[in-house]
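The lines below spell out each chain.
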Amino acid sequence: MQSKHAEVRIINTQILSDDWYTLKKYTFALQRQNGEWQQQNREVYDRGNGATILLYNRQRRTVILTRQFRFPVYVNGHDGMLIEAAAGLLDNMDPENRIKAEAEEETGFRISHVEKVFEAYMSPGSVTEKLYFYIAEYQAADRTSSGGGLESEGEDIEVLEMPLDEALAAVESGLIVDAKTIMLLYHVALKGIL
């Protein structure tokens, strides 16, 4: 299937918030399939693009995940302690180098070779962010620190090593509810990587 280009005319842009990231309200006209133009309003949150990685050990059939507090899920009824694959914003770096640095910061594993598996928009109805998804094999010798993230960025990350089967069961039970993590776990399972 070939991609179809949308016909859009931006009429007005208003900054609603520019605190942590940028929230803008757009007024635009979109050409509908019947050729008519329709004016719409949308609020768009721009936090930049990011990258995520699932570290796996083929011999042990294990993966490295993290657990940390996430305020947005807390205010949406979760206990706030989310189990996730390591991830971070690109911050003006290319995705591959950013995710190598982020993996070491969060998990303590220094990875030299990563494999990009796909890109995806995680919440395209309201957030601009595109994530670059990676996987990488790790060995015990690759661990250079205990990880845990950067205190200066408010990170207090617990590093978890678990068998892939246990991680997949945690998705089924609702213990793992983070979309990027679920996507990466199912990717390695479906592709027979582990």
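Residues numbered from 1 in each chain as written. Predicted model: local features only at pLDDT ≥ 70, side-chain atom pairs only at ≥ 80, totals over all residues. Heavy atoms only, no water.

Space inside the largest pocket adds up to approximately 1400 Å³. Residue lining of the largest pocket: 36 residues in total, with Trp20, Arg47, Arg70, Pro72 and Glu84 positioned closest to the centre. Every element with two or more residues in the lining of the largest pocket is listed here: strand 5 (62-69), helix 1 (71-74), strand 6 (81-84), strand 7 (86-89), helix 2 (95-107) and helix 4 (179-190). The greatest single-element share of the lining of the largest pocket, amounting to four residues, is contributed by helix 2. Along the lines of polarity and charge, the residues of the lining of the largest pocket split into 17 nonpolar, five polar and 14 charged. Its volume calculated, the second largest pocket comes out at about 270 Å³. Together, Val8, Ile10, Tyr26, Phe28, Arg42, Val44, Tyr121, Pro124, Gly125, Ser126, Val127 and Thr128 line the second largest pocket. Contributing elements (two or more residues each) for the lining of the second largest pocket: strand 1 (8-18), strand 2 (22-31) and strand 3 (37-46). Partitioning the lining of the second largest pocket into residue classes produces eight nonpolar, three polar and one charged. Looking at which domains feed residues into the lining of the second largest pocket, each of domain 1 (8-46) and domain 2 (50-191) supplies at least three. (1 Å grid on protein atoms, 1.4 Å probe; cavity = no way out; pocket = protein on both sides within 12 Å on 5 of 7 lines; lining within 4 Å. Points joined across faces, edges and corners; volume = space filled by probe spheres on them. Helix = DSSP H or I, 4+ residues; strand = E, 2+ residues; numbered from the N terminus. Nonpolar A, V, L, I, M, F, W, Y, C, P; charged D, E, K, R; others polar. Domains from an automatic or database assignment.)

Judged by side-chain polarity, Phe69, Phe71, Tyr74, Val75 and Met81 come together as a nonpolar surface patch covering roughly 510 Å² of accessible area. Within the element layout of this structure, tyrosine 74 appears in helix 1. (Patch = residues over 30% accessible without salt bridge, like charges linked within 9 Å, V, L, I, M, F, W, Y side chains within 5 Å. Areas by Shrake-Rupley, 256 points an atom, 1.4 Å probe, with all protein chains shown as cover. Salt bridge = Lys/Arg side-chain N within 4 Å of Asp/Glu carboxyl O.)

Enumeration according to the criterion identifies seven aromatic pairs in this entry. The interplanar angle of 85° and the centroid separation of 6.1 Å between the aromatic rings of tyrosine 21 and tyrosine 45 together place this pair among those described as edge-to-face. In this pair, tyrosine 21 is assigned in the loop between strand 1 and strand 2 and tyrosine 45 in strand 3, connecting sequence segments 24 residues apart. An angle of 55° between the planes, with centres 6.5 Å apart, marks the rings of phenylalanine 69 and phenylalanine 71 as tilted. Judged by its relative accessible area of 43%, phenylalanine 69 falls in the partly exposed class. (Phe/Tyr/Trp six-rings, centres within 6.5 Å; stacked < 30°, edge-to-face > 60°. Buried < 20%, exposed > 50% of the residue type's maximum accessible area, 1.4 Å probe, protein only.)

In this section: the UniProt feature "binding site: Mg(2+)" (unreviewed entry) in the protein chain. Listed under "binding site: Mg(2+)" (unreviewed entry) in the UniProt record, and renumbered for this structure, are Ala87, Glu102, Glu106 and Glu155. Those annotated residues lining the largest pocket are, specifically, Ala87, Glu102, Glu106 and Glu155. When you line up the elements, alanine 87 lands in strand 7. Take alanine 87: its relative accessible area is 13%, and that puts it in the buried class. With sequence-adjacent residues up to four places away left out, alanine 87 is seen in contact with Ala51, Thr52, Ile99, Glu102, Glu106 and Lys180. (UniProt positions renumbered as here; feature names shortened; annotations may be inferred. Contact = heavy atoms within 4.5 Å.)

In this structure, Leu54, Val63, Leu65, Ile176 and Leu185 are the most contacted members of the largest nonpolar core, which totals 23 residues. Among the elements that line this core, the one with the most residues is helix 3 (residues 164-173), at five residues. Apart from the residues within four sequence positions on either side, valine 63 is in contact with Leu54, Leu55, Tyr56, Tyr138, Leu160, Glu161, Met162, Leu164, Ala167, Leu185 and Leu194. Ala86, Leu90, Phe109 and Tyr134 belong to the second-largest nonpolar core, a separate cluster that totals 15 residues. (Core = buried A, V, L, I, M, F, W, Y, C linked by side-chain atoms within 4.5 Å.)

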